[in-house]
There are 2 protein chains.
Amino acid sequence: MGDRVEVIAPAGPPPAPQLAAGLDVLRSWGLDVRCAADPERHHPTLPYLAGTDAERAAQLQKAWCDPGNAAVVCARGGYGALRILDLLDWTAMAAAGPKVFTGSSDITALHAVLGPACGLVTMFTPLVASDAMAEPVAQENMRRMLFEREPTLHGGPSARTLVGGTAAGPTVGGTLSLIVSTLGVAGVPAPPDGSIVLLEDITEAPYRIDHFLTHLLRSGWFDTVAGVVLGSWLKCGKPERVHDVMVDRLGGLGIPVVEEFGFGHAEGQLSVPLGASVVLDADTPTLTFVR
Amino acid sequence: MGDRVEVIAPAGPPPAPQLAAGLDVLRSWGLDVRCAADPERHHPTLPYLAGTDAERAAQLQKAWCDPGNAAVVCARGGYGALRILDLLDWTAMAAAGPKVFTGSSDITALHAVLGPACGLVTMFTPLVASDAMAEPVAQENMRRMLFEREPTLHGGPSARTLVGGTAAGPTVGGTLSLIVSTLGVAGVPAPPDGSIVLLEDITEAPYRIDHFLTHLLRSGWFDTVAGVVLGSWLKCGKPERVHDVMVDRLGGLGIPVVEEFGFGHAEGQLSVPLGASVVLDADTPTLTFVR
């Protein structure tokens, strides 16, 4: 990661105090931080959006195509990334050359297109203006993933094997409900052959998680998947109920599955790369990066 | 509608008191009521399902293919219809000949496949084991739609024009989140050319409704749609926020749009047919059936 990073708000409006605190964390890492995200800016009629679609798309496009920026860092999720995907000039984005892209939750919609379109690994990390960015453990996990990535990422304290085995391939995924929103949409690539899928979500009841997984399964989305790594399911009801859904929907696919690996909305989250070649060992459980 | 109807539970388990009361309503219409739905039956690990997928699929298949049944009537929504779509023998279902199919909410997933597969108009009505089935107005709307359909269906007291104009075509739709779950799935037909889309939902925040509509729009689902008739958005946040989402997402499509027509989860709901040829007059607003 280089010197200058630009913080943007392509989805929901970032709360001012959390944004200020998150920018300080980035500065504490020695980064030259610019902030295009503006807590005061809202869509004129849809208050959950940090400006009009045209404004948010232009903010991302400008930040990404600025050769002075080594990274573009998302401030907030919520909802809205989906609305700008068709407004971005992906040819220009790809031509802007490699840089780091970070974010999670609603930003999954951007990861799903930006990574493949630009041929890059992107980083599923805490959002700058979020509770996670105030946690020392999640901060340190993010800092290490960006600056000194170790060859093997170990699952967190709750990680456990649902189906054992190993698999190797590129990581794809992010927040489940946003992955679902790619189905049936032209121009969003299916998971590459042998993909290792990372999935997590927040505030989705077990039956809704079942609904999302059933939709993905029926669409054939899992057909090319070689392994599944599940993150946290924060505020998604009783964990044992979510576990039962995972057993029922994913336990019989004949591929390794890990639960509660440690990424996602829950406390002390790991940062994980999307589009990275990895070996999943579901027994250990670990993700080892293939250089 | 003929003499004998069979009540099934292809999704969630019906609460016993509501089911008993609903069966009484059907009997009060002079129907010979059989009930395959069993409030005591649950999936062994997923309590939101009224039995295993195989059991629920077999119950529907048997009821539909029984030549003694003039109608198959769904007891309850919740979640689960999506899970049985690929377990049904659609060739046998189509061969069973015309009969009446009723239900709503999660049952939208069945309407979307059963109607086109069997070449039938299906009925988006209250579920037998639901609060709506206990309301005299919703009951009477359902009874009239099934037994003495009038040539023109008038919008309810809250119906209003969002975009004026007229359009003619077959009705499609139902509950928004279930329509979304058809995207990217082989074998689910896109809306026919000139479709008049009916949409409603329950417990989805305005940003989630935006998410669903944006997904449908990006997938091209609206490309063949000639008119939109919106129902109720019960427990979906402030109605004016939902209205703003509709203006933003649907107001610029260049097709007539009606809000709060009267069908959906809210009190006193209208029953509406899916797959029926209609003329929408968004100014009146009315749906007139083309015989």
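Refer to the structure above for everything that follows.
Nothing here was measured: the structure is a model prediction, and the numbers come from that model.

**Concerning the pairing of strand β14 (residues 286-289) of chain A**
All names here are of chain A. As paired elements, strand β6 (residues 152-154) and β14 share three bridges and run antiparallel to each other. When the sheet's bridge partners are listed, L153 is paired in β14 with L287. Both strand β13 (residues 277-281) and β14 contribute to a ladder of four bridges, which runs antiparallel. Bridge assignment links V279 to a residue of β14, and that residue is T288.

**Overview of the packing of aromatic side chains**
In this structure the tally under the stated criterion is twelve aromatic pairs over all chains. Between W64(A) and F101(A), the aromatic rings sit 6.2 Å apart at their centres with planes inclined by 75°, giving edge-to-face as the arrangement. One end of the pair, W64(A), is in helix α2 (residues 53-65); the other, F101(A), is in strand β4 (residues 100-103), with 37 residues separating them in the sequence. You can call W64(A) buried: its relative accessible area is 0%. Taking relative accessible area as the criterion, F101(A) reaches 0% and is therefore assigned buried. Ring geometry for Y79(A) versus Y207(B): centroids 6.3 Å apart, planes at 45°, classification tilted. Residue Y79(A) is found in the loop between β3 (71-74) and α3 (81-84), and its partner Y207(B) is found in helix α8 (residues 206-219); the two belong to separate chains. Y207(B) sits in the partly exposed class, given a relative accessible area of 30%. A network of ring pairs unites the aromatic residues Y48(A), Y79(A) and Y207(B) as a single cluster. Seen from the ring of F289(B), R149(B) lies directly overhead, with NZ or CZ sitting 4.3 Å from the centre.

**Overview of the interface of chain A and chain B**
On the chain B side, the residues contacting the 36 residues of chain A number 36 residues. Summed over both sides, the interface of chain A with chain B buries roughly 3000 Å², with 51% coming from carbon and sulfur. The interface formed by chain A and chain B holds ten salt bridges in total. Linking R218(A) and D86(B) is a salt bridge whose minimum nitrogen-to-oxygen distance equals 3.0 Å. The interface formed by chain A and chain B contains 22 residue pairs in polar contact (both at pLDDT 80 or more). Counting residues per element, the ones that place at least two in the side of chain A that touches chain B are α3, α7 (176-180), α8 (206-219) and α9 (239-250) of chain A. For the side of chain A that touches chain B, the element with the most residues is α8(A), which contributes nine residues.

Cut-off values and rules
- Residues numbered from 1 in each chain as written.
- Chains lettered and ligands numbered in written order.
- Predicted model: local features only at pLDDT ≥ 70, side-chain atom pairs only at ≥ 80, totals over all residues.
- Heavy atoms only, no water.
- Pairing = 2+ DSSP bridges.
- Helix = DSSP H or I, 4+ residues; strand = E, 2+ residues; numbered from the N terminus.
- Phe/Tyr/Trp six-rings, centres within 6.5 Å; stacked < 30°, edge-to-face > 60°.
- Buried < 20%, exposed > 50% of the residue type's maximum accessible area, 1.4 Å probe, protein only.
- Lys NZ or Arg CZ within 6 Å of the ring centre and 35° of its normal.
- Contact = heavy atoms within 4.5 Å.
- Buried area = accessible area lost by both parts, 1.4 Å probe.
- Salt bridge = Lys/Arg side-chain N within 4 Å of Asp/Glu carboxyl O.
- Polar contact = N/O pair within 3.5 Å; in protein donor to acceptor, adjacent residues only side chain to side chain.

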